[in-house]
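Tertiary structure, described
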Amino acid sequence: MPEVNVTEHLLLNQKKSPMARGQFTHLLNQLILSFKIISREVTKAGLVDVLGFTGEINVQGEEVKKLDEYSNNVLIHRMSRAGVICAMSSEENEGIIEIPAGFPTGDYVLIFDPLDGSSNIEANINIGTIFSVYRRKTPSEQPATLEDLLQQGVNQVAAGYCLYGSSTMMVMTTGSGVHGFTLDPSVGEFLLSHPDIKIPERGSIYSINEGYTRYWDAATREVVDYFKEIDNERKSPYSSRYIGSLVADFHRTLLYGGVFLYPADMRDPKKPKGKLRLMSEANPLSFVAEQAWGLATDGVHRILDIQPTALHQRVPLIIGSPLEVEKVREIYRKHGY
Ligand code: AHG
Ligand code: MN
Ligand code: MN
């Protein structure tokens, strides 16, 4: 198949009213350059001293790893200079990231998790970058505000992730289906490798951290018991797979089907809604899931319909094949959710 790169594919497949092509294409190309730079650092992580901790604590109260910080700096540096963005938000930064004075700005807003799965870096397990793009809501001539960032996921104009693993692969949607591009290091281009990804209607895998079983409510425990049943709807127990990197667990779910769950748990009273962030993790992956004919919910609501109230708010996430996600919702409803 003749090589198709991201820009070409975008122009060919922009069914919906084409966004301001120049601006968006430029935004995407700067994102892609960021992914290539991060990928280079990730792949040599074992060699260069980018492993280990910086000794700092981030806004989430988590120890920041050098690759987290490196990836965050690459994205902020490069996207600030893209000339098409008016504001950004990163999982690693407390507040809105403004574009430095003197730099040209544009009508897009970028929200990202610069490095997801960072607890797995030393073990050479897949990690990734998750991104989400919105159009600004406030007038162009004004400085961007939180209103431009705190948008429902349904307003996203693009979203996806870059997975740094045995190969570097970018999966994204602009609202016209989901497409996967694999980095060919010999030409330095992401080339179309997985056109029009669709998630299987039913899968055979469930993915959740069962170490927290004692912290789950009765509904979540019943959900997991269902997937272990012999007499469930597929007449066989599901396989359990859990990598601990959301991008990797989600990518497997997208390609193989099944369901990933990070439910609310009573582990941390400060995080009653679980660990995953709505803006930088759940919304982008839910946009991808729905564009691949999958579903994504917090157990009750469609993730993309949730009106955010804070940049780093957490949300329970149940995401994957429609039949499994619907089953989870059915059990939650039975428990009065
Ligand atoms: P991040 O590295 O961006 O903080 O995200 C880590 C998240 C996510 O990747 C994964 O699904 C989850 O942490 C795993 O959490 P547990 O170790 O609590 O299962
Ligand atoms: Mn993450
Ligand atoms: Mn992260």
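All values derive from a computational prediction rather than experimental measurement.

**Quick look at the sheet that holds strand β11 (residues 205-207)**
Spatially, five strands are ordered β12-β11-β13-β15-β14 in an open sheet, and the strand pairing comes out mixed. Both edges of this open sheet fall to β12 (239-240) and β14 (295-297), since each of them pairs with a single strand only. Pairing analysis gives two bridges linking β11 to β12, with the strands arranged parallel. Looking at β12, one finds that Ile205 is bridged to Ser239.

**Focus on helix α5 (residues 218-228)**
When α5 is considered as a whole, its buried residues turn out to be Ala219, Thr220, Val223, Val224, Tyr226 and Phe227. Viewed end-on, α5 has its buried residues packed into an arc of 150 degrees, placing them on one side of the element. Of the surrounding elements, those touching the buried residues of α5 are β11, β13 (259-262) and α8 (322-334).

**Observations regarding helix α7 (residues 278-291)**
In terms of residue burial, α7 counts as a mostly covered element, since 12 of its 14 residues are buried. Those residues of α7 lying buried are Leu278, Met279, Ser280, Glu281, Ala282, Asn283, Pro284, Leu285, Ser286, Phe287, Val288 and Ala289. Of the residues flanking the end of α7, it is Trp293, one or two places downstream, whose phi is positive at about 70 degrees.

**Description of the nonpolar core**
One finds Met79, Ile85, Leu110, Val133 and Phe190 to be the most contacted residues of the largest nonpolar core, which totals 41 residues. Discounting residues that sit within four places of it in the chain, Met79 has contacts with Leu27, Gln30, Leu31, Ser34, Ile85, Met88 and Leu110. Counting residues in hydrophobic clusters, the runner-up holds 38 residues, among them Cys86, Ala144, Val178 and Phe250.

**Quick word on the coordination of the manganese ion (ligand 2)**
Around the manganese ion (ligand 2), the protein contributes the donor atoms Asp113 (OD), Asp116 (OD) and Glu281 (OE), at 1.9 to 2.1 Å from the metal centre. In terms of primary sequence, the donors binding the manganese ion (ligand 2) are separated according to D-x2-D-x164-E. In this structure, the manganese ion (ligand 2) lies 3.7 Å away from the manganese ion (ligand 3), the two metals sharing Asp113 as a donor. Of this pair, Asp113 sits in strand β5 (residues 108-116) while Glu281 sits in helix α7, and the two are 168 residues apart along the sequence. The two residues Asp113 and Glu281 agree in class, both being buried.

**Here's the deal with the environment of Leu191**
With respect to the helices, strands and loops of the structure, Leu191 is situated in strand β10 (residues 189-194). The spacing of Leu191 and Pro114 is 77 residues in sequence and 22 Å in space, taken between C-alpha atoms. If we ignore the near neighbours within four places in the chain, the residues touching Leu191 are Glu3, Val4, Asn5, Gly180, Phe181, Thr182 and Asp184.

**Looking at the pattern of salt bridges**
With the rule as written, the count across this model stands at 15 salt bridges. Put simply, Glu281 and Arg277 hold a salt bridge, and the shortest N to O gap is 3.2 Å. For the pair formed by Glu281 and Arg277, the shared burial category is buried. Salt-bridge contacts for Arg329 lead to Glu326; the nearest nitrogen and oxygen are separated by 3.0 Å. Taken together, the residues Arg329 and Glu326, both in helix α8 and three residues apart, mark about one turn of the helix. With a relative accessible area of 30%, Glu326 lands in the partly exposed category. Where salt bridges share partners, they join Arg202, Glu233, Lys327 and Glu330 into one cluster.

About the cut-offs
Residues numbered from 1 in each chain as written. Chains lettered and ligands numbered in written order. Predicted model: local features only at pLDDT ≥ 70, side-chain atom pairs only at ≥ 80, totals over all residues. Heavy atoms only, no water. Pairing = 2+ DSSP bridges. Helix = DSSP H or I, 4+ residues; strand = E, 2+ residues; numbered from the N terminus. Buried < 20%, exposed > 50% of the residue type's maximum accessible area, 1.4 Å probe, protein only. Arc of directions from axis to C-beta. Contact = heavy atoms within 4.5 Å. Core = buried A, V, L, I, M, F, W, Y, C linked by side-chain atoms within 4.5 Å. Donors = N, O, S within 2.8 Å, 3.2 Å for Na, K, Ca; no water. Salt bridge = Lys/Arg side-chain N within 4 Å of Asp/Glu carboxyl O.

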